[in-house]
Amino acid sequence: MTELTGSATDRLYTEFRGQLISPGDDEYDAARRVWNGAIDRRPALIARPSGTRDVATAVRFAREQHLPVSVRGGGHSAAGHAVADGALTLDLSGMKSILIDPATRTAVAGPGLVWRELDAATQAYGLATTGGVDGTTGIAGLTLGGGLGWLDRLAGLACDNLLGAEVVTADGQVLEASTDDHSDLFWALRGGGGNFGVVTSLTYRLHPVTEVYGGLLGYTVDRATEVLQAYREIGADAPDRLALYAGLVTAPAAPFVPEHLRGQRVVGLIPVCFGPAAEAARTLAPLLAAAPPVLDLTKPMSYQEVQRLADGFTRPAMHHYYTSEWLHDLDDQTIDELVATAADAPSPWSAIILKRMTGAAGRVPADATPFWYRDAAYHLDIHAQWAPGSSPEPHIAWARAARQAARCDWAGGGYVNFIAADEGPGRVRAAYGGNYARLAQIKAVYDPDNFFRINNNIPPALPAYG
């Protein structure tokens, strides 16, 4: 454990207006705990800033003390980058400011918000922006990594809807980044992760979202191949307003699940259609005809209800491991391999999730933001989840095998927000494809010492000589 001593520490306690939590404080163990129960790390100091000034103060202090910095937003940080042994953890979860301007359809939001909180504020005006599928996901981490969600086929990724950001850089400066100010930094923030500074405010473009129709369709696992083939065929011609997810999962013991299916492996489809109910029902009719479900919970719903559709599929204090891949297709071999691998999951709570991509997100040029895989047809999300006390090895091995099961359809890399901490720099580089070199050059401008390195790291480009 790093010992913090000297005048710099005394000055921090004088200048920092938020809360500082040290090892030995009563709140320390609770404050260092994160959503992923597999992460058990002991920071040297946890700083909960009251605002941007505190963030800059903490960054300058960490540099003086030669402390690494980890940054925690409002959500999950499944890979565990939010906390690190011996580091200063900047916990931004209390920075939850929200300002909605319905006239300009914009929102200015603090980095401690989760999507459920931002959605509640924007939906008061019948507006929304692309956010995480799980409403408890943090807005900052998701956006900085690109940002998949229910609305991305209709409105683009979360990063496509980012209009500006306030950033504390590695030298403790506070910068405004947008297309007009520090445009290179702004480009890097829209998918480049936490490599370029601490984002203390995000400005989003909002879209009218009032009428939604969708929900869960359930099928017995013996129909998995048939259902995924129907999902593929319907998704190929899906309009932008239709979001389509498929999952090989265990049915939760929830009231909406028939008793005989609870705790059983099932195939789930979640179609969400934005628009009037009658029009949405017509859009979903071919899917229902191609794969009649044993459980149909589709109905008109609010966007906030949509953000709760994934509730019940993750459990508190569980251990988690994510990995992912972009797929250019979903052929029969891949479907067969994924179905077989799902049946071998060592934990009933582990899941294989497919998301239909394309739409508005796919029409953005690959170099317009760091998010490279605009032409991918699907995102494959492998989520291993197991109870505390169980050895992680079989679950991690299963997740890796599940990713390999789709290798004939790989597009070349994975989603940066779902790259596990042990996957290595090659996987990070692959996640950015042809945008990686530009990101490394921008990193060299704003963080030449790689101060912000507790993340899916992009080291700064080396200077050119000769």
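It should be noted that the structure appears before, not after, this text.
*Asks:* Provide a residue-level description of empty space enclosed by the protein, including the pertinent values.
*Replies:* This structure, assessed with the given rule, holds 4 cavities of 30 Å³ or more. The computed volume of the second largest cavity comes to approximately 70 Å³. Gly-145, Gly-191, Trp-326, Pro-370, Phe-371, Trp-372, Tyr-373, Gly-414, Tyr-415, Val-416, Ala-431 and Tyr-432 together form the lining of the second largest cavity. Residues that form the lining of the second largest cavity fall into these classes: 9 nonpolar, 3 polar and no charged.

*Asks:* Which residues make up the environment of Lys-355, and what are the values?
*Replies:* Inspection of the secondary structure assignment puts Lys-355 in strand S19 (residues 351-356). Residues within four places of Lys-355 in sequence aside, it is in contact with Leu-148, Gly-149, Asp-152, Tyr-231, Leu-244, Tyr-245, Ala-377, Tyr-378 and His-379. Looking at Lys-355, its side chain comes within polar contact range of the side chain of Asp-152, at 3.0 Å.

*Asks:* If you had to explain the sheet that holds strand S8 (residues 162-168) to someone new, which residues and values would you point to?
*Replies:* Reading across the sheet, the 5 strands line up as S5-S6-S10-S8-S9 and stay open at both edges, with antiparallel pairing between neighbours. What marks the edges here is a single partner per strand, and that holds for strand S5 (98-101) and strand S9 (174-177). Sheet twist, expressed as the mean angle between neighbouring strand axes with direction ignored, is 10°. In this structure, strand S6 (residues 106-109) lies alongside strand S10 (residues 198-205), joined through 4 bridges in antiparallel fashion. Bridge pairing in S10 links Val-108 to Thr-203. Where helix H3 (residues 52-64) meets the sheet, its contacts fall on S8, S9 and S10, and the angle it forms with S8 comes to roughly 50°. Contacts from helix H4 (residues 115-123) reach S5, S6 and S10, with the element oriented near 35° to S5.

Basis of the calculations
- Residues numbered from 1 in each chain as written.
- Predicted model: local features only at pLDDT ≥ 70, side-chain atom pairs only at ≥ 80, totals over all residues.
- Heavy atoms only, no water.
- 1 Å grid on protein atoms, 1.4 Å probe; cavity = no way out; pocket = protein on both sides within 12 Å on 5 of 7 lines; lining within 4 Å.
- Points joined across faces, edges and corners; volume = space filled by probe spheres on them.
- Nonpolar A, V, L, I, M, F, W, Y, C, P; charged D, E, K, R; others polar.
- Helix = DSSP H or I, 4+ residues; strand = E, 2+ residues; numbered from the N terminus.
- Contact = heavy atoms within 4.5 Å.
- Polar contact = N/O pair within 3.5 Å; in protein donor to acceptor, adjacent residues only side chain to side chain.
- Pairing = 2+ DSSP bridges.
- Axes fitted to C-alpha atoms, helices over the stretch in contact; angles between N-to-C directions.

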